[in-house]
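The primary structure of each chain is shown beneath.
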Amino acid sequence: MDHKNHLDQLSEIRSMMERSSRFISLSGLSGVVAGAAALAGVFAAYKYFGMLKSFYLRADRIYDSSGALANKFLAFLFVDAILVASVAIGFGVFFTTRRAKKKGQPIWGPTTLRMMTSLALPLITGGAFCAILLLKGNLALILPCTLIFYGLGLVNASKYTLTDIHYLGLTEILIGLIAAVYTAYGLQFWALGFGVMHIVYGTIMYFKYERNDG
């Protein structure tokens, strides 16, 4: 009986240490919504491009009938990406906050701040690098770079949250590197990385951690 009590105490201490050092209230449902939003964004981009009959692809770049870069389409992609990110972040905060309250865990604290800082640094760096690529006219590498830097952010932040995030990050990096080789399929790889993989990850996380939350 004493041995069992010692084991129970050790298990409780380990659980307390994990809660204090890792943010474990991330919701898988937020991943599913983020993936669905990304797929909707890619679909909208394809539909919009199909409406622009005077635009065409050449050497992985988009031109109008005069041969100039199609800034109109690039602007649409930018707004499209902002809307997708806004939906993903909004629902991510909603589902994660709801789960944290159910589990009686704090939402904001030192661990959350460390996780967000670790995630933000690669994302800000990647955003700046993509802006440089845009200014230099290297449009074909922008979509792959978003996947690569996002994956780096996830790997960097994973030490402060669930280990599953680490593997999602590695997957995003791999998809981004492949997309950098096959740049003509940037939107397809973007849909795979931000869309399909988030849905797969979110579904796994839900059934692994959340289904029995009550």
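This is a predicted model, so every value here is computed, not measured.

### Brief notes about the overall build of the protein chain
Moving on, step 1. In terms of regular secondary structure, the protein chain is built from seven helices and two strands.
Moving on, step 2. When its helices and strands are written in sequence order, the protein chain yields α-α-β-β-α-α-α-α-α.
Moving on, step 3. The long-range fraction of contacts in the protein chain, counting pairs at least 24 apart against all pairs at least 6 apart in sequence, stands at 72%.
Moving on, step 4. As displayed, the protein chain offers around 12500 Å² of accessible surface, 70% of which is attributable to carbon and sulfur atoms.

### With respect to the packing of aromatic side chains
Moving on, step 1. Enumeration over the complete set of coordinates arrives at six aromatic pairs.
Moving on, step 2. Here Phe 129 and Phe 149 contribute two aromatic rings whose centre-to-centre distance is 5.9 Å and whose plane-to-plane angle is 50 degrees, an arrangement assigned as tilted. Here Phe 149 lies in helix 5 (residues 142–157) and Phe 129 lies in helix 4 (residues 110–136), a separation of 20 residues in the sequence.
Moving on, step 3. Residue class for Phe 129 comes out partly exposed when judged on its relative accessible area of 35%.
Moving on, step 4. Residue Phe 149 is classed as buried on the basis of its relative accessible area, which comes to 18%.

### Quick notes on the nonpolar core
Moving on, step 1. In terms of nonpolar packing, the biggest core is built from 23 residues, with Leu 147, Leu 154, Trp 190 and Phe 194 touching the most fellow members.
Moving on, step 2. Elements with a contribution of two residues or more to this core: helix 2 (28–51), helix 4, helix 5, helix 6 (164–181) and helix 7 (186–210).
Moving on, step 3. Top element by residues in this core is helix 7. It accounts for seven residues.
Moving on, step 4. With residues up to four places along the chain from it excluded, the contact list for Leu 147 reads Glu 172, Ile 173, Ile 175, Gly 176, Ala 179, Phe 189, Trp 190, Gly 193 and Phe 194.
Moving on, step 5. Counting six residues, the second largest nonpolar core, distinct from the first, contains Leu 133, Leu 139, Ile 142 and Cys 145.

### A few points about the side chain of His 198
Moving on, step 1. Within the secondary structure, His 198 is located in helix 7.
Moving on, step 2. A relative accessible area of 7% means that His 198 is categorised as buried.
Moving on, step 3. Reaching out from His 198, the side chain makes a polar contact with the backbone oxygen of Phe 194 at a distance of 2.7 Å.
Moving on, step 4. Leave out the neighbours within four places in its chain, and His 198 touches Gly 31, Val 32, Gly 35, Tyr 150, Leu 168, Glu 172 and Gly 193.

### Here's the deal with the state of the cysteines
Moving on, step 1. Counted under the stated rule, the structure contains zero disulfides.
Moving on, step 2. Not part of a disulfide, Cys 130 finds its nearest cysteine sulfur in Cys 145, a span of 5.1 Å.
Moving on, step 3. Judged by its relative accessible area of 11%, Cys 130 is buried.

### Some words on a nonpolar patch on the surface
Moving on, step 1. Side chains of Leu 39, Leu 192, Val 196, Val 200 and Ile 204 sit close together on the surface and give an oily, nonpolar patch of about 350 Å² of accessible area.
Moving on, step 2. With respect to the helices and strands, the residue Leu 39 is situated in helix 2.

### Digging into the confidence of the model for the protein chain
Moving on, step 1. Residue-level pLDDT values for the protein chain average 78, and 73% of them are 70 or greater.
Moving on, step 2. Of all the helices and strands in the protein chain, strand 1 (residues 56–58) carries the lowest mean pLDDT, 45, while helix 6 carries the highest, 94.
Moving on, step 3. This stretch, residues 53–60, has a pLDDT under 50; its non-local contacts, to residues over four places away or in other chains, come to 22 contacts.
Moving on, step 4. The model gives residues 64–69 a pLDDT under 50, and that stretch makes 13 contacts with residues more than four places away or in other chains.

### Re the packing of helix 4 against helix 5
Moving on, step 1. Interhelical geometry of helix 4 versus helix 5 gives an angle of 165 degrees and a closest axis separation of 8 Å. What the angle tells us is that helix 4 and helix 5 run roughly antiparallel. You can see that helix 4 and helix 5 cross each other, and the crossing is right-handed. Between helix 4 and helix 5, the residues in contact are Met 115, Ser 118, Leu 119, Pro 122, Leu 123, Thr 125, Gly 126, Phe 129, Cys 130, Leu 133 and Leu 134 and Ile 142, Cys 145, Thr 146, Phe 149, Tyr 150, Leu 152, Gly 153, Leu 154, Asn 156 and Ala 157, respectively.
Moving on, step 2. Of the residues contributing to the contact of helix 4 with helix 5, the split by class is 15 nonpolar, six polar and no charged.

### Describing the pattern of salt bridges
Moving on, step 1. Applying the stated rule across the entire model yields one salt bridge.
Moving on, step 2. Between Lys 208 and Asp 164 there is a salt bridge; the shortest N-O distance is 3.1 Å. Here Asp 164 lies in helix 6 and Lys 208 lies in helix 7, a separation of 44 residues in the sequence.

Calculation notes
Residues numbered from 1 in each chain as written. Predicted model: local features only at pLDDT ≥ 70, side-chain atom pairs only at ≥ 80, totals over all residues. Heavy atoms only, no water. Helix = DSSP H or I, 4+ residues; strand = E, 2+ residues; numbered from the N terminus. Contact = heavy atoms within 4.5 Å. Areas by Shrake-Rupley, 256 points an atom, 1.4 Å probe, with all protein chains shown as cover. Phe/Tyr/Trp six-rings, centres within 6.5 Å; stacked < 30°, edge-to-face > 60°. Buried < 20%, exposed > 50% of the residue type's maximum accessible area, 1.4 Å probe, protein only. Core = buried A, V, L, I, M, F, W, Y, C linked by side-chain atoms within 4.5 Å. Polar contact = N/O pair within 3.5 Å; in protein donor to acceptor, adjacent residues only side chain to side chain. Disulfide = S-S within 2.5 Å. Patch = residues over 30% accessible without salt bridge, like charges linked within 9 Å, V, L, I, M, F, W, Y side chains within 5 Å. Salt bridge = Lys/Arg side-chain N within 4 Å of Asp/Glu carboxyl O. pLDDT = per-residue confidence, 0-100. Axes fitted to C-alpha atoms, helices over the stretch in contact; angles between N-to-C directions. Parallel < 35°, antiparallel > 145°, perpendicular 65-115°, else oblique. Left-handed = near helix turned anticlockwise from the far one by under 90°. Nonpolar A, V, L, I, M, F, W, Y, C, P; charged D, E, K, R; others polar.

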